[in-house]
There are 2 protein chains.
Amino acid sequence: MSKALIYLQSGGPTSVINSSLYGAIREAQKHKEVSKILGSLHGIEGLLDDDIIDIGKEDDEDIELLKQTPAAILGSSRYKLPSSFEDEAYKKILATLVKHNCGYLLLNGGNDSMDTCSKLATFFRENNVDIKVIGVPKTIDNDLALTDHCPGYASACKYVINTVKSVCLDARCYKKGKVYIIEMMGRNAGWLTASVDLLKKPYRPDLIYLPETNFDLLNFLKDIREIYEQYGNAVVALSEGVVFARDVSNVSKDSFGHVQLDGACEELAKIVKRTLGLKTRATQLSLPQRANPQLMSKVDQEEAIEVGAHAALAAINGESEKMVAIKRISSSPYKVSYELVDVKEVANKEKTIPADYMDSLFGMSDKFKEYLTPLIKGEIDIKYEDGICKAAHFKKIRD
Amino acid sequence: MSKALIYLQSGGPTSVINSSLYGAIREAQKHKEVSKILGSLHGIEGLLDDDIIDIGKEDDEDIELLKQTPAAILGSSRYKLPSSFEDEAYKKILATLVKHNCGYLLLNGGNDSMDTCSKLATFFRENNVDIKVIGVPKTIDNDLALTDHCPGYASACKYVINTVKSVCLDARCYKKGKVYIIEMMGRNAGWLTASVDLLKKPYRPDLIYLPETNFDLLNFLKDIREIYEQYGNAVVALSEGVVFARDVSNVSKDSFGHVQLDGACEELAKIVKRTLGLKTRATQLSLPQRANPQLMSKVDQEEAIEVGAHAALAAINGESEKMVAIKRISSSPYKVSYELVDVKEVANKEKTIPADYMDSLFGMSDKFKEYLTPLIKGEIDIKYEDGICKAAHFKKIRD
């Protein structure tokens, strides 16, 4: 008997998050075991509220446009499932899934979402509910365990690298310029910020700081003054999570306890201005770093589609409590395979940058550069209408 | 007797500033009247310091790459020429120009640069120096008089429009999201910010504020609360020059007396957070809006090349004290011609948005949309190397 496949998006979006949905749709359409392809709006919240759409009823043009549409088209969520299976939430979720005759559930997200995946799958198993649960990895933070890298990371890197190159070009065109401080996302791991080390002088920032860096404010100011005296400008790239003496007691937290840390660049710019008397400009790369179609990496897009397709196939084949992971076979020529890993082993863990990816001197090692370089290759032919990038639009939502 | 053509870049760069240089180079190469094509480094400062390069010695590949290289490759300047022709500066400038046998001087810049153009041309005329001076327009602010629009403006609009669309997609994917405040450049005129009104719901910001807007903080907060209560998020786009009660007594000024105003979004975000208790994210589009090759408009690039070429041709033909202006013949089909206007009439003036470009209701009029739409059309095929956008590199500079 055929069953519906239901797809959920969760956590912070990426440029290629909807490419994974595309991959799952196209794979599912090949299998007679799948009666319908459904979307749960706002991740797990759609299951709690029975807020479900039939993706099969959307236009094929919009399905194709998913490949160039950033941000979760089904809506995202940061809802944290309770630990106790006695909680009312599980009953509500099950009722929605049974109502829509779901047999396959794919959840696209980061480590928090893999926790949700794991809880749901365990709940179903313990209650003899035949719904297969597969996790689809996604995060610009690249901090998921057991996968070589995460879909979304490479496109964010490509955006960050190219944008920082442009900023360096602009910043360095005055004889006496400013101190530019550019902030990237990354609370605990500096994967994204580290990518700018692929740039070579004069397009590389003068200083790069990761959360893993031992950041010393006084040395920072000393370095800035020296660089400015020599070149008439200075460019600094840093992760939002760089630790320095600032007041974080008052910052917002989400339901997983993560703080919103953005603003390091503005605080440092103020300190530079007051201490050294130099003109500054603080630039957060902000949402565009995870929501930019123009600098999407073709490799990343293709892999995002593949993990979606592999997840659908795995569920249809009866697998559950797994996440699709990317396994690197070789870097040159670049080759990967896809495998299933235990989703519990991924949940709530954070993969930071290995020590041998960082140089003993200032910067990233050749090993890191070999790791990252193949991931950002290839460009996408984006479709525009009158100069504005087209985006998929699902009729049932977002009006 | 053939003479050298010398090219200067000045003021804030744009994505297509080097396309105008490209146009001038390719035009000048066709004429035997031009002995050499020189570049003055950092605009007028290169003439003061005899810091001149021979562009003819650069690789042809780099000349071609000028078309996708943002930021002034010759370096820019904000130096203000003294009013008195008795000043030592004029002697130094003349000495450099005579030494290099210059007969044609092209200055690429905005209204401040046209003031420099006008002063130089007058000085040469009054002293019987046979150097033709032609201004090449450029500014993302679109505030130059006597030209339909300015090269650089459309590409900045295309970046801003597409980036705001992506931010709206991302911002609206949570049920309970944040208040997003996005800040564009524009001190006195809201040309750039106004462009986001080409977006349609749900990709359009909820509120758009130009410096021309009568901004009322209390109404702003009231509107934000209403929008947030209805949609669970709010997106605001505003110009850096939006006037509200903030302390600007302490801000930096450049030599033309312009203040650095960026930071309106952070201040407003703080006020929203404190007053309404909502989560906020402030995003300055910052330098990428004027230095982004990926979202360059093809129409803008072509026009930037043309104004450079027309400027070279005009100087060679003996014209001086003029600026090349773009004259619109029709919007649909889009057609322009190039003409010469008196550079003194452009200098130090600022063209703000005409009243009939703004709607009586909230937003921009159809007339404005007809004006802008053709300008952002067409995409550029950007050249990458291993995922990183290539940029022109002149051997003599930037090492």
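On a predicted model such as this, the values are computed, not experimentally measured, just so you know. (Residues numbered from 1 in each chain as written. Chains lettered and ligands numbered in written order. Predicted model: local features only at pLDDT ≥ 70, side-chain atom pairs only at ≥ 80, totals over all residues. Heavy atoms only, no water.)

**Brief notes about the relation of the copies chain B and chain A**
Put simply, the rule reads: Residues reaching a pLDDT of at least 70 in both copies supply the C-alpha atoms on which the copies are superposed by least squares. Note on definitions: a residue-residue contact is assigned when non-hydrogen atoms from the two residues lie within 4.5 Å.
Rotating chain B by 180° about the axis while translating it 0.0 Å along that axis superimposes it on chain A, leaving an RMSD of 0.0 Å. Each copy turns onto its partner about a two-fold axis. Relative to the rotation axis, the C-alpha of Gln294(B) is the closest in chain B, positioned 3.2 Å from it. Counting the interface residues of chain B, we find that 100% of their copies in chain A are interface residues as well, pointing to one common contact surface.

**Details of the interface of chain B and chain A**
To keep things clear, this is the line we draw: Here the quantity called buried area is the total loss of accessible area, with a 1.4 Å probe, experienced by two parts when brought into contact, counted for both. By convention in these notes, a salt bridge is any Lys or Arg side-chain nitrogen within 4 Å of a carboxyl oxygen on Asp or Glu. Under the rule applied, a polar contact is a pair of N or O atoms within 3.5 Å (in protein, one hydrogen donor and one hydrogen acceptor; residues adjacent in sequence only if both atoms are side-chain atoms).
Taken residue by residue, the interface counts 72 residues in chain B and 72 residues in chain A. Roughly 5,600 Å² is buried in total at the junction of chain B and chain A, and carbon and sulfur atoms are behind 54% of that figure. Sorting the residues of chain B by area buried against chain A places Tyr174(B), Lys175(B) and Arg281(B) first, and these three jointly supply 12% of that buried surface. Joining chain B to chain A, the criterion identifies six salt bridges. In this structure, the salt-bridge partner of Lys377(B) is Asp386(A), at a minimum N-O distance of 3.6 Å. The tally of links between chain B and chain A comes to 25 residue pairs in polar contact (both at pLDDT 80 or more).

**Thoughts on the pattern of salt bridges**
Residue and element names in this part refer to chain A. Where we set the bar: Secondary structure counts use DSSP, requiring at least four H or I residues in a row for a helix and at least two E residues in a row for a strand, with both numbered from the N terminus. We call a residue buried when its accessible area falls under 20% of the maximum for its residue type, exposed when it is over 50%, and partly exposed in between, using a 1.4 Å probe and counting protein chains only.
A complete count under the given rule lists 48 salt bridges over all chains for this structure. Among the salt bridges present, the one from Lys-119 reaches Asp-115, with a minimum N-O distance of 3.2 Å. Taken together, the residues span about one helical turn, with Lys-119 and Asp-115 both in helix 5 (residues 111–126) at a distance of four residues. This pair shows no difference in class: Lys-119 is buried, exactly as Asp-115 is.

**Overview of the sheet that holds strand 11 (residues 334–342) of chain B**
Residues and elements named next belong to chain B. Formally: When DSSP finds two or more bridges between two strands, those strands count as paired. Lines are fitted to the C-alpha atoms to define the axes, a helix being fitted only along its stretch in contact, and any angle between axes, read from their N-to-C directions, falls within 0 to 180 degrees.
One open sheet holds the seven strands; their spatial order is 3-2-1-4-5-10-11, and the pairing between them is mixed. Strand pairing shows two members of the sheet lacking a second neighbour, strand 3 (52–54) and strand 11, which therefore form its edges. Strand-to-strand twist in this sheet, taken as the mean axis angle between neighbours without regard to direction, amounts to 30°. Across four bridges, the pairing between strand 1 (residues 3–9) and strand 2 (residues 34–40) is parallel.

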